[in-house]
Amino acid sequence: MAGHTQNEITIAAPVDLVWDMTNDVANWPRLFSEYASVEILSREGNKTTFRLTMHPDDNGTVWSWVSERETHRDTLSVDARRVETGPFAYMNIRWQYQKVAQGTRMVWTQDFEMKPDAPVDDAWMTDNINRNSKTQMALIRDRIEKAAAEQGSAPGLTG
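Summary of the structure given here. Quantities reported herein were computed from a predicted structural model and do not represent experimental measurements.

## Brief notes about the overall build of the protein
Argument step 1. The helix and strand inventory of the protein stands at 3 helices and 7 strands.
Argument step 2. Order of helices (α) and strands (β) in the protein, N terminus to C terminus: β-α-α-β-β-β-β-β-β-α.
Argument step 3. Relative to the 2.2 N^0.38 estimate, which gives 15 Å for 159 residues, the radius of gyration of the protein is 16 Å and therefore close to what a compact globule would have.
Argument step 4. Across its three principal directions, the C-alpha atoms of the protein cover 50 × 30 × 30 Å.

Set out below in structure tokens:
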């Protein structure tokens with residue numbers, strides 16, 4: 001069995017701002033609440049390889065892994081995968097952006113499978129990702145909408 005999640009949110013901000021802020025990997029610790037740090041390991045064209053480190057979980061465990069992201073500005077999409085998979089057999093992520101009347105629709109799709117010896121199964125991780133994605137997307141929306149208001153930009157003005 002494999003896990004699959006898809007979550008989306010509409011952000012009242014121009015697609016260019018949403019794209020720029022969400023693809024600024026070096027700034028993710030200020031955009032997401034779950035990441036303590038990010039280390040950019042390499043950049044090659046539109047591909048970035050980086051290490052993410054989370055804040056300690058409830059048990060004091062600090063999770064860290066290496067991922068790579070490849071941005072496709074022409075199709076408003078991003079493909080990512082974990083290079084260091086940890087408890088996952090694989091983890092593939094696709095972000096898609098769409099300009100809509102209310103601003104920008106952002107969709108996160110994750111396909112994964114847990115290793116047989118992982119501490120949780122695919123169903124548990126699916127629920128966890130769905131719950132956490134909603135939390136992080138709402139936080140990101142609020143931060144981007146605040147930035148848009150500070151810049152005086154509104155949906156449809158740019159992008």
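The structure having been displayed, the exposition proceeds.
## Considerations on the pattern of salt bridges
Argument step 1. This structure, assessed with the given rule, holds 7 salt bridges.
Argument step 2. Among the ionic pairs, aspartate 79 bridges to arginine 94, the shortest N-O distance being 2.7 Å. Within this pair, whereas aspartate 79 is found in strand S5 (residues 77-82), its partner arginine 94 is found in strand S6 (residues 88-100), the two being separated by 15 residues in sequence.
Argument step 3. Among the residues examined, aspartate 79 registers a relative accessible area of 31% and is labelled partly exposed.

## A word on the packing of aromatic side chains
Argument step 1. Enumeration according to the criterion identifies 11 aromatic pairs in this entry.
Argument step 2. Through a chain of ring-to-ring contacts, the aromatic side chains of Trp28, Phe32, Tyr35, Phe50, Trp65, Trp95 and Trp108 assemble into a single cluster.
Argument step 3. Sitting over the face of the ring of tryptophan 95, arginine 69 holds its NZ or CZ atom 4.3 Å from the ring centroid.
Argument step 4. Just above the ring of tryptophan 65 sits the side chain of arginine 82; from NZ or CZ to the centre is 3.8 Å.

Conventions used here
- Sequence order sets the numbering: in each chain, residues are counted from 1 along the sequence as written.
- Two thresholds apply to this predicted model, a pLDDT of at least 70 for residue-level local features and 80 or more for giving and counting side-chain atom pairs, whereas whole-chain, interface and lining totals are computed over all residues.
- Calculation of side-chain values draws on the structure's entire complement of heavy atoms; hydrogens and water are dropped beforehand.
- Secondary structure elements follow DSSP: runs of H or I of four or more residues count as helices, runs of E of two or more count as strands, with numbering from the N terminus.
- Taken over C-alpha atoms, the radius of gyration is set against a globule rule of 2.2 Å times the number of residues to the power 0.38.
- We count a salt bridge whenever a side-chain nitrogen from Lys or Arg sits within 4 Å of a carboxyl oxygen from Asp or Glu.
- Note on exposure labels: buried denotes an accessible area under 20% of the residue type's maximum, exposed denotes more than 50%, and partly exposed covers the range between, all computed with a 1.4 Å probe on protein chains only.
- Each Phe, Tyr or Trp ring (for Trp, its six-membered ring) is paired with any other whose centre lies within 6.5 Å, and the angle between the two planes then decides the class: stacked below 30 degrees, edge-to-face above 60, tilted in between.
- Whether a charge sits over a ring comes down to the Lys NZ or Arg CZ being within 6 Å of the ring centre and within 35 degrees of the ring normal.

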